[in-house]
Amino acid sequence: MADEWQRAYEVAVDVARKAGAVIRKAADSEIKVSTKSSTVDLVTKTDERVEKIIIGALKEEFGEDTHCFIGEESVAKGEACILTKKPTWIIDPVDGTTNFVHGFPFVAVSIAFAVNKELEFGVIYSCFEDKMYKARKGMGAFCDDEKITVSDVKDIHKSIIISEHGTDRSPDKVKKIFSTMQKILCIPVHGLRGSGTAATNMCLVACGAVEAFFEIGIHCWDIAAGAVIVREAGGILLDVDGGPFDLMSRRMMSANNDIIANRIIKEIEVFTAERDDIPAQKK
Ligand code: IPD
């Protein structure tokens, strides 16, 4: 990695920590909630404010001519979500907005950086736990400067699996999600969990607390930073049908190893979600 990206990595850690402090403070005051794609897809003034703070700080440091930005709230307002070869920041200012609104204490700031369409580093700050997860390509994964690795469990019966329900409540999709969960539970596995933030879920895979996390309907900003952290912790990423992982596909399986991943994949009732990188006018 060029020195320039090392500096970018350090700035990302610093910015994520500062953003987390803003979120913690905002949690103590009145939270104004609006909705986006559905009545359960929540957004708050804090999501928007924190994204502005993060992108503003990164633009000040690196300029906006050479660097591109994909931010959850900017995309919600109509900005493009296309990954080009240019250095690109992929940002979820408040991952776990529903948790934030309800005071459920798992909320993360997620910042990833890609060059030539390859993820170079990821930073996730779990701001109420005050845990900083980070990883650079080829350099290992860390939580608060301690190296983390995925679990070595290969026996599915000894695993904990995470999945989420997402924000699309079409009855046919919810049926598939619950049918998948039922089948996984009955393998049986030790347990099924969900923290309500994809970024934190991926950190739980990376530090070996759970064996796998998968979701359909997720977005690139939820998983970009986590993808680097899981890989650097020794884990793997796949599509939910066993094919290669595609950041923009809105489908993701992250796991400690391919034995666990493929065993879970056997039970997943796959459905498609509209890709993140479809130009706005075609949506
Ligand atoms: C959501 C969380 C949640 C996942 C949803 C995401 P947000 O992100 O990551 O765990 O199930 O699919 O949209 O909206 O809180 O940034």
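All figures in this text were calculated on a predicted structure; none of them were measured in a lab.

Colleague: Sorry, what's going on with the overall build of the chain here?
Modeller: Each helix and strand counted, the chain has 8 helices and 14 strands in total. Computed over the C-alpha atoms, the radius of gyration of the chain is 18 Å, within 12% of the 19 Å expected from 2.2 N^0.38 for a compact globule of 283 residues. Each of the 283 residues in the chain was classed as buried or not, and the buried ones make up 53%. For the chain, the accessible area works out to roughly 12800 Å², and carbon and sulfur atoms hold 51% of it. Placing the 36 positive and 44 negative side-chain charges of the chain at their respective mean positions leaves the two points 2 Å apart.

Colleague: Would you explain the environment of Ala26 in this entry?
Modeller: Its place among the elements puts Ala26 in helix H1 (residues 3-26). You can call Ala26 buried: its relative accessible area is 10%.

Colleague: Just to check I follow, could you spell out the side chain of Asn201 for this structure?
Modeller: With respect to the helices and strands, the residue Asn201 is situated in helix H6 (residues 198-206). The exposure class assigned to Asn201 is buried, which follows from its relative accessible area of 0%. Sequence-distant contacts of Asn201, that is, excluding residues within four places in its chain, are made with Ile162, Glu164, Gly194, Ser195, Gly196 and Phe213.

Colleague: Could you clarify how one ought to interpret the pattern of salt bridges in this entry?
Modeller: For side chains bearing opposite charge, pairing can occur when the charged atoms are close. The full count for this structure, using the stated rule, is 19 salt bridges. Note that Asp14 is salt-bridged to Lys18, the shortest N-O span being 3.0 Å. Placement of the pair is Asp14 and Lys18 together in helix H1, with a separation of 4 residues, close to one helical turn. For Asp14, a relative accessible area of 38% translates into the label partly exposed. The salt bridge partner of Arg275 is Asp246, with a shortest N-O separation of 2.7 Å. Of the two residues, Arg275 is situated in the segment after helix H8 (258-265) and Asp246 in the loop between strand E13 (236-238) and strand E14 (251-255); the sequence distance between them amounts to 29 residues. The network of salt bridges with shared partners includes Lys36, Glu72 and Glu73.

Colleague: It is not clear to me how the site of the ligand should be interpreted in this structure. Could you clarify?
Modeller: The immediate surroundings of the ligand are formed by 13 residues, with Asp92, Asp95, Gly96, Thr97 and Glu215 found nearest. A distance of 2.7 Å is found between an oxygen atom of the ligand and a side-chain nitrogen or oxygen belonging to Asp95. Within the contact set of the ligand, an oxygen atom lies 3.2 Å away from a side-chain nitrogen or oxygen of Asp222. When the free accessible area of the ligand is taken as 380 Å², the share hidden by the protein chains comes to 91%. Sorting elements by how many residues they give to the shell around the ligand places strand E4 (residues 88-95) first, with 3 residues.

Colleague: Any chance you could explain the sheet that holds strand E3 (residues 68-71) here in plain terms?
Modeller: The strands making up a sheet associate through backbone hydrogen bonding, with each pair oriented either parallel or antiparallel. In space, the 7 strands of this open sheet follow the order E3-E4-E5-E6-E7-E8-E9, with mixed pairing throughout. Every interior strand has two partners, whereas the edge strands, E3 and strand E9 (146-148), have only one. Adjacent strand axes in the sheet meet at a mean angle of 20°, parallel and antiparallel pairs treated alike. Sheet strands in contact with helix H2 (residues 45-62) are E3, E4 and strand E5 (108-115), and its direction is about 150° off that of E4.

Colleague: Would you explain the packing of H6 against helix H7 (residues 220-232) in this entry?
Modeller: Relative placement of two packed helices is described by the angle separating their axes and the distance separating the axes. The interhelical angle for the contact between H6 and H7, taken along N-to-C directions, is 10°, at an axis separation of 8 Å. By the angle between their directions, the pair H6 and H7 is classed as roughly parallel. Two secondary-structure elements touch here, H6 through Ala198, Ala199, Met202, Val205 and Ala206 and H7 through Asp222, Ile223, Gly226, Ala227, Ile229 and Val230.

Colleague: Would you mind going over helix H5 (residues 171-185) with me for this structure?
Modeller: Note that an α-helix has 3.6 residues per turn; residues three or four places apart therefore point the same way. Taking 1.5 Å per residue as the helical rise, H5 with its 15 residues ought to reach 21 Å, and the 21 Å between its terminal C-alpha atoms agrees with that figure. Buried residues of H5: Lys173, Ile177, Thr180, Met181 and Ile184, and no others. Relative to the axis of H5, the buried residues are bounded by an arc of 95° and lie together on one face. Away from the buried face of H5 by more than 90 degrees, exposed residues Pro171, Asp172, Lys175 and Gln182 are located.

Each value, and the rule that gives it
- Residues numbered from 1 in each chain as written.
- Predicted model: local features only at pLDDT ≥ 70, side-chain atom pairs only at ≥ 80, totals over all residues.
- Heavy atoms only, no water.
- Helix = DSSP H or I, 4+ residues; strand = E, 2+ residues; numbered from the N terminus.
- Rg over C-alpha atoms; globule rule 2.2 N^0.38 Å.
- Buried < 20%, exposed > 50% of the residue type's maximum accessible area, 1.4 Å probe, protein only.
- Areas by Shrake-Rupley, 256 points an atom, 1.4 Å probe, with all protein chains shown as cover.
- Lys, Arg positive; Asp, Glu negative; His and termini not counted.
- Charge placed at Lys NZ, Arg CZ, Asp CG, Glu CD.
- Contact = heavy atoms within 4.5 Å.
- Salt bridge = Lys/Arg side-chain N within 4 Å of Asp/Glu carboxyl O.
- Near = heavy atom within 4 Å.
- Polar contact = N/O pair within 3.5 Å; in protein donor to acceptor, adjacent residues only side chain to side chain.
- Pairing = 2+ DSSP bridges.
- Axes fitted to C-alpha atoms, helices over the stretch in contact; angles between N-to-C directions.
- Parallel < 35°, antiparallel > 145°, perpendicular 65-115°, else oblique.
- Expected span 1.5 Å × (residues − 1).
- Arc of directions from axis to C-beta.

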